[in-house]
Amino acid sequence: MVERVLVSPGGPELSELIQGYWRVSEWDLTPQQRLTLLKQHLEREISTVDHADIYGDYSCEQLFGEALKLDKSIRSRIEVVTKCNIKLLSEKYPNRSVKHYDSSAQHIRHSVDNSLARLGIEHIEVLLLHRPDALMDADEVASVFLELQKAGKVKHLGVSNFTPRQFELLQSRLSSSLVTNQVEINPINFNVAEDGTLDQLQQYRIRPMAWSCLAGGKIFSGSDAQILRLRTTLEMVKEEIGANSIDQVIYAWVRRFPSKPLAIVGSGNIKRIESAIESLKFNLNNEQWYKIWTASRGREVP
Ligand SMILES: NC(=O)c1ccc[n+]([C@@H]2O[C@H](COP(=O)([O-])OP(=O)(O)OC[C@H]3O[C@@H](n4cnc5c(N)ncnc54)[C@H](OP(=O)(O)O)[C@@H]3O)[C@@H](O)[C@H]2O)c1
């Protein structure tokens, strides 16, 4: 069963698994099929959906919005997370000369209005700053967030891929708490486990959102020595805990961090989504968790 959880003290209630929509433009689904998928994960209690303005070259929010329009009763049953501050080089924005970040009030305002229009909704539950931006003025972000909150367009603010220092900086200018830091967590990327990011979130009882838990599928298809070692060990642990497949072991590995990450599922395949849900019943002990760490690193812990 997928539980509803508080993402942070004072933050919103979300589903403990989140459906990612980054790849929806690759799934080649009609609006009706997209609605069916949305209903399928909602029936299985995955009610939180993750978007970004830029996904699918600015098309994914629109694709989702088209499906949502087909059944208006669904809107009140889901929580929408979306992001802003990356400016892609795109034919849709021919005047841009370089991919860059923009965390100005003007851009955030504009991006939120675009996301609301594409998604066909009146408010966003959680808006994330997608990437740390060297030119971010924290006072300016705080003031535009208040404005958007007062206008009822955005309920909560969070960040993505921020270091603890960047998180603290922005938090220092806000009157309400940042509700999450959405970061990459999987057994081939240990950055956030080692740079203080997850420690900080644990300290504040803020739950991270974990993106690319399955390393974008690389753990299944890769053939380098690290991935081969990792797959062998994942298979071993799978047998030990009685899981059906190694993706379930990986989700259990991600969930084992004491900051209690909310995993974002990247697949649009309902069988794979169901497998992620089933993984919630598996818990790894310390030895199993560190066996996976050791296999990935190719050495024992110091
Ligand atoms: N904040 C950020 O910077 C950021 C960055 C990246 C992603 N995200 C968010 O995180 C979500 C998840 O990221 P992700 O899509 O990279 O997640 P992921 O779960 O690591 O990767 C999904 C990919 O793995 C494949 N896959 C899943 N299970 C598989 C299996 N058993 N065997 C072989 N391939 C398998 C999927 O293929 P199928 O589709 O064929 O199942 C899909 O291509 C995104 O949708 C997005 O919302 C956020």
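Residues numbered from 1 in each chain as written. Predicted model: local features only at pLDDT ≥ 70, side-chain atom pairs only at ≥ 80, totals over all residues. Heavy atoms only, no water.

Moving on: the packing of aromatic side chains. Working definition: an aromatic ring pair is given by the centre-to-centre distance plus the angle between the planes. Summed over the entire model, instances satisfying the criterion amount to 11 aromatic pairs. An angle of 70° between the planes, with centres 4.8 Å apart, marks the rings of Tyr-21 and Phe-64 as edge-to-face. Of this pair, Tyr-21 sits in the loop between β3 (17-20) and α1 (31-43) while Phe-64 sits in helix α3 (residues 60-70); the two residues are 43 residues apart in sequence, bridging distant segments of the chain. Of the two residues, Tyr-21 and Phe-64, neither departs from the other in class, the shared state being buried. (Phe/Tyr/Trp six-rings, centres within 6.5 Å; stacked < 30°, edge-to-face > 60°. Helix = DSSP H or I, 4+ residues; strand = E, 2+ residues; numbered from the N terminus. Buried < 20%, exposed > 50% of the residue type's maximum accessible area, 1.4 Å probe, protein only.)

A word on the sheet that holds strand β11 (residues 209-211). Ordered by their spatial adjacency, 8 strands build a closed barrel running β3-β4-β5-β8-β9-β10-β11-β12, and the pairing between neighbours is parallel. On average, each strand axis in the sheet is inclined to that of its neighbour by 30°, with strand direction left out of account. Pairing analysis gives 3 bridges linking β3 to strand β12 (residues 262-265), with the strands arranged parallel. Bridging across to β12, Ile-18 finds its partner in Ile-264. (Pairing = 2+ DSSP bridges. Axes fitted to C-alpha atoms, helices over the stretch in contact; angles between N-to-C directions.)

The calculated volume of the largest pocket comes to roughly 720 Å³. Around the largest pocket sit 31 residues that line it, and Trp-22, Arg-23, Ser-212, Gly-216 and Gly-266 are the ones nearest its centre. Secondary-structure elements contributing two or more residues to the lining of the largest pocket are α11 (246-255) and β12. In terms of residue class, the lining of the largest pocket is built from 14 nonpolar, 10 polar and 7 charged. Put simply, the second largest pocket is a space of about 370 Å³. Every residue lining the second largest pocket is counted, 15 residues in all, and those nearest its centre are Ala-193, Phe-257, Pro-258, Trp-289 and Tyr-290. Residue assignment for the lining of the second largest pocket shows that the elements contributing at least two residues are α7 (191-194), α8 (197-204) and α13 (286-297). (1 Å grid on protein atoms, 1.4 Å probe; cavity = no way out; pocket = protein on both sides within 12 Å on 5 of 7 lines; lining within 4 Å. Points joined across faces, edges and corners; volume = space filled by probe spheres on them. Nonpolar A, V, L, I, M, F, W, Y, C, P; charged D, E, K, R; others polar.)

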